Amino acid sequence: MSLLSSLTDRFADAYQASGLERALGAVTVSDRPDLAQFQNNGALAAARGAGRPPRDIAADVIAAAGDPEVFSDLSVAGPGFINISLTDSYLGRHVDRLAADSRFGAVAHDPDRRVLIDFGGPNVAKAMHVGHLRSSLIGDSLQRVFRFAGYTVLSDIHFGDWGTQMGQLIIEAQLRKPDLPYFDPGFTGPYPEEPPFTLEDLQEMYPAVAARTKADPAEAERAREATLELQQGRPGYRALWQHFWNVSHDSQQRDFAQLGVGFDLWHGESTVHDRVAPMLERMQDVATEDAGALIIDVAEEADTKEVPPLLLTKSDGGYLYGTTDLATIDNRVAMKVDEALYVVDARQSLHFEQVFRAAYKAGIASQSMILEHVPFGTMNGPDGKPFKTREGGVLRLDDLIGLVRDAALARLDEAELATEYDEEERRDIAEKVGLAALKYGDLSNNRASNYVFDLDRFTAFEGKTGPYLLYGAVRIKSILRKAADADLVPGSIIAPTVDPERRLMLELSRFPEVIERTIESRAPNHLAEFAYDVVTAFNRFYEECHILSERDAERQASWLGLVELTLAMVSTLLDLLGIEIPERM
RNA sequence: GCCCCCGUAGCUCAGUGGACAGAGCAGGAGCCUUCUAAGCUCUUGGUCGGAGGUUCGAAUCCUUCCGGGGGCGCCA
């Protein structure tokens, strides 16, 4: 059980004993660490209802809660705050118990609750670029946290493989290689097994055709028709599409693997194509026709803004991404998903509002199913505008990863670090340090804000960064290795005697609340912030308490136990952020 | 025009209705014969965009204005 919840229970009892609401007992970490470790503000909130001065109430609560085994100090401060500090022996016992718990006191959530996390969302034929980074990193961290907390998690990449860009690619392919059998309606197959285009071809074809259809309405019309024919099942187009899909899939799987991000499901828009027609059939009562298109009105009376209807089919009968999104919800219902989180750019919030409303209104999703958009801001360059390379192009994800790895390697050289390790290990360290810099830089930001991706700042490895955390973790590993070499064995954790030790223990005790908060707000930056706090608290302890030369054997064993616990927690936190720790650096 | 997000130290950002608003970077001063100095200690720096309001108490909730970004039916 978490330290805060057990303290809160004690105070809830005390309020109840004074004839007041249990909810007043909420204990939080103190805002004034110079005065106390924890605080309770219930007396202030209770004063009005009880018609008594808050300080009087606080005094009663203190009298009821007092326990010299637990509290070294309980006192009223200011207008009626209750300041709370623990005895060292109670704190030591609590931390010793944490060390035995794989969840470090965090609550175990219901494994029967199925949470689907939709993120990544790359498109066929488009190289992954920095724009996919935030969705991938935030989504990956969330799937790790939800899983850690005990939920059954399904992560779904939601491949963009069924929209207008597919028709565009088809007409571009025809322009470049008109003799391929895919375009011949009379061809009876079988179609070639070898893909007619490489990944490099596709990545060059897409921007070319995108520009052409934008400039030329006749070309756009051809692309639209090709899209429709693809969706309606024209065999040659389907076969060609499958090649595009395979080539893109292989490349993107490599990109995600490099990033350390994995998915349970590689579903895409096309996955649910066969569900669309029956779904639209079921929606007849709520859908209406408008200018040849099928729409569903999702405006509600309580709306303060204009919510336009969701377009279900285009006037030519083609499907839009709202259509496939709705069919995807239908599919997720069939998969018995209780909660679906969409980690997608904030600019799509209106779209998701429309889709979710349509799903509820049409009865595709029951009211009890949670459909939630988890939006994030854009990643900008140092100029405050969406990130571009120096040449003005979009930076590819694998180039970005190469960039941070090279920066990490350069830093190793410059600081003459890790010089005694072989080339392979140095490269591995640089890879991990670079990814840690990249991921921590992203995840430590509040989800909702736009943030500035500044390569210079990312590759500066001082301060509140991924590399600082790795360095701290590596030093911890090093102590434990040296201790093992000297046959020193970690023992049970006893009462702290010095302040950095005490503060480290208090910091470690915050873990359960941080996990809860991360889950509730779907925001990994809380984890990032806490990981930094723990490592900093450890570094202070490390400076003051020289573990390997400690003469008191019991104290030394306890310190080693504390070091071991810290490493376990930091490893867990970094893992939840998707960051790997090297053995040494 | 309507709606959403953001505005906090020179810069980049945290911040759960509570006490004196916090970090990192940058600036200044120190600490390596001992467990990795990518570290640690101290320090300078703020009318929380402005104005009203609710509250015992507001960076946080409400109203309004200003500034920045974004969205608003046949792209995704």
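Since this is a predicted model, take the numbers as computed values, not measurements. (Residues numbered from 1 in each chain as written. Chains lettered and ligands numbered in written order. Predicted model: local features only at pLDDT ≥ 70, side-chain atom pairs only at ≥ 80, totals over all residues.)

Asks: I'd like a rundown of the protein's contact with RNA strand B, residues and numbers included.
Replies: In the vicinity of RNA strand B there are 79 residues, among which Gly163, Lys305, Asn446, Gly463 and Tyr471 approach most closely. Counting only elements with at least two residues in the surface near RNA strand B, the list comes to helix 2 (42-50), strand 4 (81-86), strand 8 (293-296), helix 12 (349-361), helix 13 (397-414), strand 13 (451-452), helix 16 (466-485) and helix 19 (525-544). Ranked by residues supplied to the surface near RNA strand B, first place goes to helix 16 with 8 residues. (Near = placed C-beta within 6 Å. Helix = DSSP H or I, 4+ residues; strand = E, 2+ residues; numbered from the N terminus.)

Asks: An account of the domain arrangement of chain A is needed here, citing residue identities and associated values.
Replies: Quite often, the size of an interface is put as the accessible area lost when its parts meet. Under the domain assignment used here, chain A contains domain 1 (3-86), domain 2 (114-160 + 265-380), domain 3 (164-259) and domain 4 (398-576). The distance between the C-alpha centroids of domain 2 and domain 4 comes to 37 Å. The partner domain 4 presents 19 residues to the 21 residues of domain 2 that form the contact. Taken together, the elements giving at least two residues each to the side of domain 2 that touches domain 4 come down to helix 5 (133-148), strand 11 (370-376) and strand 12 (379-380). Considering each element in turn, the side of domain 2 that touches domain 4 owes the most residues, 10 residues, to helix 5. Looking at the side of domain 2 that touches domain 4 residue by residue, the class counts come to 15 nonpolar, 4 polar and 2 charged. (Domains from an automatic or database assignment. Contact = placed C-beta atoms within 7 Å. Nonpolar A, V, L, I, M, F, W, Y, C, P; charged D, E, K, R; others polar.)

Asks: I'd love a proper account of the sheet that holds strand 10 (residues 339-345), names of residues and values included.
Replies: Taken together, the 4 strands give an open sheet; going across it, the order is 6-5-10-11, and neighbouring strands pair in parallel fashion. Across the chains shown, the open sheet's two edge strands, defined by having one partner strand only, are strand 6 (152-156) and strand 11. Averaged over all pairs of adjacent strands, the angle between strand axes in this sheet comes to 20 degrees, irrespective of strand direction. Summarising the sheet, strand 10 and strand 11 pair through 7 bridges and their orientation is parallel. Within strand 11, the residue paired with tyrosine 342 across the bridge is histidine 373. (Pairing = 2+ DSSP bridges. Axes fitted to C-alpha atoms, helices over the stretch in contact; angles between N-to-C directions.)

Asks: Just give me the short version of the sheet that holds strand 3 (residues 71-77), but keep the residues and values in it.
Replies: Within the open sheet, the 4 strands sit side by side as 1-2-4-3. Their pairing is antiparallel. The sheet is open, and its two edges are formed by strand 1 (27-29) and strand 3, each paired on a single side. For this sheet, the mean inter-axis angle between neighbouring strands, taken without regard to orientation, is 25 degrees. Helix-sheet contacts for helix 1 (residues 3-17) involve strand 1, strand 2 (38-40) and strand 4, and the interaxial angle to strand 1 is about 140 degrees. Together, strand 3 and strand 4 form the strand contacts of helix 3 (residues 54-65), whose direction differs from that of strand 3 by roughly 165 degrees.

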